[in-house]
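Close look at the chain arrangement
For reference, the chains in residue letters:
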Amino acid sequence: MANAIADLVELVNTRIAPSSVASYVVQYGDIDMRVMAINVLDWLQRQRRFRNQKGLVLNLSFPWCQLLVELAHEWCPMAELFEVQDNVFNFKGNVGLPDRDALQAIAMRYQPVVRI
């Protein structure tokens with residue numbers, strides 16, 4: 001279950017696409033996949049820090065948002081955990097607090113690198 005988030009962390013930290021998301025990187029490109037992953041991981045980190053239960057609002061004019069909608073529907077590891085309703089990405093209702101905490105803890109492995 002946590003493989004989806006761990007794969008996104010690996011993608012962002014190493015810039016190498018795990019095999020589970022490689023086809024999406026080919027279809028959407030490395031940059032859009034990376035931007036999508038960073039936004040999801042950042043959202044999960046905010047959820048953990050602030051105990052925020054708000055979903056991630058998506059603007060479908062951005063390619064990374066379109067990619068996230070597709071992943072939430074088609075990529076099984078993510079589709080089991082998340083849903084998109086009314087352009088808002090959020091946990092599915094059947095994902096309990098212990099599972100959410102575990103996913104958020106994995107997302108904390110992503111530490112943005114400041115580039116100057």
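To start, this report covers the structure provided alongside it. Here the structure is a predicted model, which means the values were calculated and not measured. (Residues numbered from 1 in each chain as written. Predicted model: local features only at pLDDT ≥ 70, side-chain atom pairs only at ≥ 80, totals over all residues. Heavy atoms only, no water.)

Topic: helix H6 (residues 97-107)
For the α-helix, the turn length of 3.6 residues means that residues three or four positions removed from each other point alike. Put simply, the test is: For every residue, the accessible area (1.4 Å probe, protein chains only) is compared with the maximum for its type, and the residue is labelled buried under 20%, exposed over 50%, or partly exposed between those bounds. Numbering of helices and strands runs from the N terminus, with a helix taken as a DSSP run of H or I at least four residues long and a strand as a DSSP run of E at least two residues long. Along the arc lie the directions from the helix axis toward the C-beta atoms. By the convention used here, residues are in contact when the closest approach between their heavy atoms is within 4.5 Å.
Turning to H6, its buried residues are Arg100, Leu103, Gln104, Ile106 and Ala107. Angularly, the buried residues of H6 cover 155° about the axis, an arc narrow enough to put them on a single face. The elements touched by buried residues of H6 are helix H1 (3-14), helix H3 (30-50) and strand E3 (88-91).

Observations regarding the sheet that holds E3
For clarity, the threshold we go by: When DSSP finds at least two bridges between two strands, those strands are taken to pair.
Spatial strand order, E1-E3-E2: 3 strands in an open sheet with antiparallel pairing. Both outer strands of the open sheet, strand E1 (56-57) and strand E2 (82-85), are each paired with one neighbouring strand and no more. Both E1 and E3 contribute to a ladder of 2 bridges, which runs antiparallel. Within the sheet, the bridge partner assigned to Val57 lies in E3 and is Val88.

Let's talk about the packing of H1 against H3
Definition in use: Axis definition: a line fitted to C-alpha atoms, limited for helices to the stretch in contact. Angles are taken between N-to-C directions and run from 0 to 180 degrees. Note on angle classes: values under 35 degrees are labelled roughly parallel, values over 145 roughly antiparallel, values of 65 to 115 roughly perpendicular, and the remainder oblique. In this scheme the handedness of a crossing depends on how the near helix is turned from the far one: anticlockwise by less than a right angle means left-handed, clockwise means right-handed. Residue polarity is assigned by list, with Asp, Glu, Lys and Arg as charged and Ala, Val, Leu, Ile, Met, Phe, Trp, Tyr, Cys and Pro as nonpolar; anything else, Gly included, falls into the polar class.
Interaxial distance between H1 and H3 falls to 9 Å at its minimum, and their mutual angle equals 125°. In terms of their interaxial angle, H1 and H3 are classed as oblique. Viewed along their axes, H1 and H3 form a crossing whose handedness is left-handed. Across the interface between the two elements, Ile5, Leu8, Val9, Leu11 and Val12 of H1 pack against Met33, Arg34, Met36, Ala37, Ile38, Val40, Leu41 and Leu44 of H3. For the contact of H1 with H3, the per-class residue count stands at 12 nonpolar, no polar and 1 charged.

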